[in-house]
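If you want the building blocks of each chain, they are given just below.
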Amino acid sequence: MQPVIFAEELSLSAARGRVYGPLSFTVTDPLSVLCGPAGSGRTSLLLTLAGRMKPDSGTLEVLGLLLPRQARQVQRQTGIAGFRDIDDLEPGVTAGAAVRERLAWLAPWWRFVPRVSDRQMARICGPVFGQLEVPSAGTVIWDLGEAEQFLLRVSLAMLSHPAVLFVDDIEQLQGSSARALVQERLAALAAAGTAVVVGAASLPTLPWSGSGIEPSTVLMEAH
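Computed from a predicted model, the values in this text were never measured in an experiment.

1. Thoughts on the sheet that holds strand β5 (residues 65–67)
Right, so step 1: Pairing within the open sheet is antiparallel, and its four strands lie in the order β2-β1-β4-β5. Among the strands making up the open sheet, the edge pair consists of β2 (17–27) and β5. Taken pair by pair, the neighbouring strands of this sheet meet at an average axis angle of 25°, ignoring direction.
Right, so step 2: As paired elements, strand β1 (residues 5–14) and strand β4 (residues 57–62) share five bridges and run antiparallel to each other. Note on β4: the bridge partner recorded for I5 is V62.
Right, so step 3: Sitting on the sheet, helix α1 (residues 42–49) is in contact with β1, β2, β4 and β5, with an inclination near 55° to β2.

Below, the structure is given as structure tokens:
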């Protein structure tokens, strides 16, 4: 089986010192957890794996593509969700407006993207929300629960049909029921064919239920 991710002696430094690494690991499973506490550089590593940041040294292949040389191709085949200050939702807008904005970003510049209907919302978000009720297009973001907001962010990331989805900071879901629900839906996406890599500060204690698969782990250390 070709690895989804292959990293060897991968590292990144900044003006204040090392951000992460050197790290060597291979990801082959459809669902994996990148476990790194505060100060480990976990978020930066996830963005590097998604082709959004450039490492200083080491070898990195994602989906058989060499980074950073083939970063554009990796960006087109990966999605990101749950990253602070990157894919945050604007609380005062509607769910439909958030979907429409993402559709417009993905569409050719000359194509007009009309207002999103409830039927479109169900079609776009249904595979991510599963049995959970999909919000109507007119639902304001701040009226959604934390699980629904997070799953909407995942739905937006899935609009580009990524081969790999990178999700950061599962602990930002403070409610245990919300976290368990999101974990279950991420596992379902992995079971359906999208490789999912989830960032966590510690190994999740809640079960990844309903998927029939358990995540592999990549461990990082604080420095």
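2. A look at the pairing of β4
Right, so step 1: Bridge analysis of β4 against β5 gives three bridges, and the strand direction is antiparallel. When the bridges of β5 are listed, L60 appears paired with L67.

3. Observations concerning the side chain of D87
Right, so step 1: Note that D87 resides in the loop between β6 (78–81) and α3 (95–106).
Right, so step 2: The class of D87 is buried, set by a relative accessible area of 15%.
Right, so step 3: A distance of 3.0 Å separates a polar side-chain atom of D87 from the backbone nitrogen of G82.
Right, so step 4: Of the polar contacts made by the side chain of D87, one reaches the side chain of R153; its length is 3.0 Å.

4. Some thoughts on the environment of G145
Right, so step 1: By the secondary structure assignment, G145 is in the loop between α4 (118–129) and α5 (146–158).
Right, so step 2: Since its relative accessible area comes to 32%, G145 is described here as partly exposed.
Right, so step 3: A sequence separation of 44 residues divides G145 from E101, and the C-alpha atoms of the two residues are 21 Å apart.

5. Concerning the pattern of salt bridges
Right, so step 1: In total, this model carries three salt bridges according to the counting rule given.
Right, so step 2: As a salt-bridge pair, R42 and D168 come within 3.1 Å of each other at their nearest N and O atoms. Taken as a pair, R42 in helix α1 and D168 in the loop between β7 (164–167) and α6 (176–191) lie far apart in primary sequence, 126 residues in all. The burial state of R42 is the same as that of D168; both residues are buried.
Right, so step 3: Of the charged contacts, one joins R153 and D87 as a salt bridge, the two residues approaching to 3.0 Å between their closest N and O atoms. With R153 in helix α5 and D87 in the loop between β6 and α3, this pair connects stretches of sequence that are 66 residues apart. A single burial state applies to R153 and to D87, both of which are buried.
Right, so step 4: One continuous salt-bridge network, built from bridges that share partners, spans D87, D88 and R153.

6. Some remarks on the sheet that holds β7
Right, so step 1: Strand order in this open sheet of five strands is β6-β7-β8-β3-β9, and the pairing throughout is parallel. The two strands at the open ends of the sheet, each matched to only one other strand, are β6 and β9 (216–219). Going across the sheet, the axis of each strand differs from the next one's by a mean of 20°, ignoring polarity.
Right, so step 2: Examined bridge by bridge, β6 and β7 share four bridges and lie parallel to one another. Within β7, the position partnered with T78 by the bridge is V164.
Right, so step 3: In this fold α5 packs onto β6 and β7, with an angle of close to 160° to the strand it touches most, β6.

Rules behind the numbers
Residues numbered from 1 in each chain as written. Predicted model: local features only at pLDDT ≥ 70, side-chain atom pairs only at ≥ 80, totals over all residues. Heavy atoms only, no water. Pairing = 2+ DSSP bridges. Helix = DSSP H or I, 4+ residues; strand = E, 2+ residues; numbered from the N terminus. Axes fitted to C-alpha atoms, helices over the stretch in contact; angles between N-to-C directions. Contact = heavy atoms within 4.5 Å. Buried < 20%, exposed > 50% of the residue type's maximum accessible area, 1.4 Å probe, protein only. Polar contact = N/O pair within 3.5 Å; in protein donor to acceptor, adjacent residues only side chain to side chain. Salt bridge = Lys/Arg side-chain N within 4 Å of Asp/Glu carboxyl O.

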